[in-house]
Each structure stands twice: as C-alpha cells, then as structure tokens.
Amino acid sequence: MITYVELWKAKQAWLDLSQEERGNYMNALGPAIQQLLENGVQIVSWGRNEAATFNRAGYDYFAVWTFPNSEAAQGFEKMVEGAGWYNYFDQVNVMGTAGSPQDVIGQMIQL
C-alpha cells in the first residue's frame, strides 16, 4: 500500500477567481475523485493546517490518501496536473510504501 500526502496553499490565480468560478472548478473534480475511490483509493483525511502547529509547514491544507500501488498514485499525479491544479495551488507531495515505525527507524539508522 502507498501512502500519499499533499500539502498546498492558494496561489494568486486562485484568489483572483470568483467564488462561483472556484466552486465550479471544485465541482468538476468530483467525478474524478469518485472514480479514484471506486478503484481502491482511500481518503484517510483532508484538513486545514492549524496556525498553532509547532514547527508548522508553510502550507494551509493537507490531504492524506492511500493507493493500492505506485502506478495508481502516479496516475493520480497525472490527473491532478492535467486538471490544472498547479495553476491555482502551490503544492508539495510525499509518497511512500507504508511500513511500521521499526521499518523506518531501521532505514534511518542505516543512512
């Protein structure tokens, strides 16, 4: 299983759209998200990055997903790019195979 984390904040191009235009854009994404869910993708959580977070990352929103495999995650990346998301949002992503704390600690020790 692949865990995928997105962090994003609005660009000026998003802020320049009317609320109606923003709503129309987001509504157009709905069928694509539904298709992902039907293909085994899971939404773990979406949320707003709280201002009081210690050592806060400079992004306002986050999403955490799980994908059945790397190919599905890479297809998602292409879909997001094709939807013009990056025209409106400054975003960074994190992707990796889910593991246990012991697995990751072992990898960190072996650096």
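Analysis parameters
- Residues numbered from 1 in each chain as written.
- Predicted model: local features only at pLDDT ≥ 70, side-chain atom pairs only at ≥ 80, totals over all residues.
- Heavy atoms only, no water.
- Phe/Tyr/Trp six-rings, centres within 6.5 Å; stacked < 30°, edge-to-face > 60°.
- Helix = DSSP H or I, 4+ residues; strand = E, 2+ residues; numbered from the N terminus.
- Contact = heavy atoms within 4.5 Å.
- Salt bridge = Lys/Arg side-chain N within 4 Å of Asp/Glu carboxyl O.
- Buried < 20%, exposed > 50% of the residue type's maximum accessible area, 1.4 Å probe, protein only.
- Pairing = 2+ DSSP bridges.
- Axes fitted to C-alpha atoms, helices over the stretch in contact; angles between N-to-C directions.
- Core = buried A, V, L, I, M, F, W, Y, C linked by side-chain atoms within 4.5 Å.

You'll find the chain entered in an unreviewed UniProt entry as NIPSNAP domain-containing protein, with Flaviaesturariibacter aridisoli given as the organism.

*Asks:* I would appreciate a short explanation of the packing of aromatic side chains in the present structure.
*Replies:* Aromatic ring pairs: the centre-centre distance and the angle between the two ring planes describe each pair. In total, this model carries 15 aromatic pairs according to the counting rule given. Clustering of aromatic rings is evident, with ring pairs tying together Tyr 4, Trp 8, Trp 14, Tyr 25, Trp 46, Tyr 61, Trp 65, Phe 67, Phe 76, Trp 85, Tyr 88 and Phe 89.

*Asks:* Could you clarify how one ought to interpret the environment of Ile 2 in this entry?
*Replies:* Along the chain, Ile 2 falls in strand 1 (residues 2-10). The contact partners of Ile 2, leaving out residues within four places of it in the chain, are Trp 65, Thr 66, Phe 67, Asn 69, Ser 70, Ala 73, Met 95, Gly 96 and Thr 97.

*Asks:* Help me understand the pattern of salt bridges in this model?
*Replies:* Pairs can form between side chains of opposite charge once their charged atoms are near each other. A full pass over the atoms with the stated rule returns 2 salt bridges. Across the salt bridge formed by Asp 90 and Lys 9, the nearest N and O atoms sit 3.9 Å from each other. You can see Asp 90 sitting in strand 4 (residues 89-97) and its partner Lys 9 sitting in strand 1, a full 81 residues away along the chain. We classify Asp 90 as partly exposed; its relative accessible area is 30%.

*Asks:* What should I look at first to understand the pairing of strand 3 (residues 61-67) in this one?
*Replies:* The two faces of the sheet receive side chains in turn, since in a regular strand these alternate between them. Among the 7 residues that make up strand 3, 5 are buried, leaving the element largely enclosed by the rest of the structure. Bridge analysis of strand 2 (residues 42-48) against strand 3 gives 6 bridges, and the strand direction is antiparallel. Considered in strand 3, the bridge of Arg 48 is made with Tyr 61.

*Asks:* How should the sheet that holds strand 4 be read in this particular structure?
*Replies:* To summarise the sheet geometry, strands pair through backbone hydrogen bonds and adopt either a parallel or an antiparallel arrangement. Judged by pairing direction, the sheet is antiparallel, and its 4 strands sit side by side in the order 2-3-1-4 without closing on themselves. Strand pairing shows two members of the sheet lacking a second neighbour, strand 2 and strand 4, which therefore form its edges. In this sheet, adjacent strand axes meet at a mean angle of 15° when their direction is disregarded. Strand contacts of helix 3 (residues 70-82): strand 1, strand 3 and strand 4, with the helix running at about 15° to strand 1, the strand carrying the most contacts.

*Asks:* I tried to follow the nonpolar core on my own but got confused; where do I start?
*Replies:* Across soluble globular proteins, nonpolar side chains have a tendency to be buried as a group. With 17 residues, the main nonpolar core has Tyr 4, Trp 65, Phe 67, Phe 76 and Trp 85 as its most contacted residues. For this core, the secondary-structure elements that each account for two or more residues are strand 1, helix 2 (19-38), strand 3 and helix 3. Contacts of Phe 76, omitting those with residues within four sequence positions, involve Tyr 4, Glu 6, Leu 36, Trp 65 and Phe 67.

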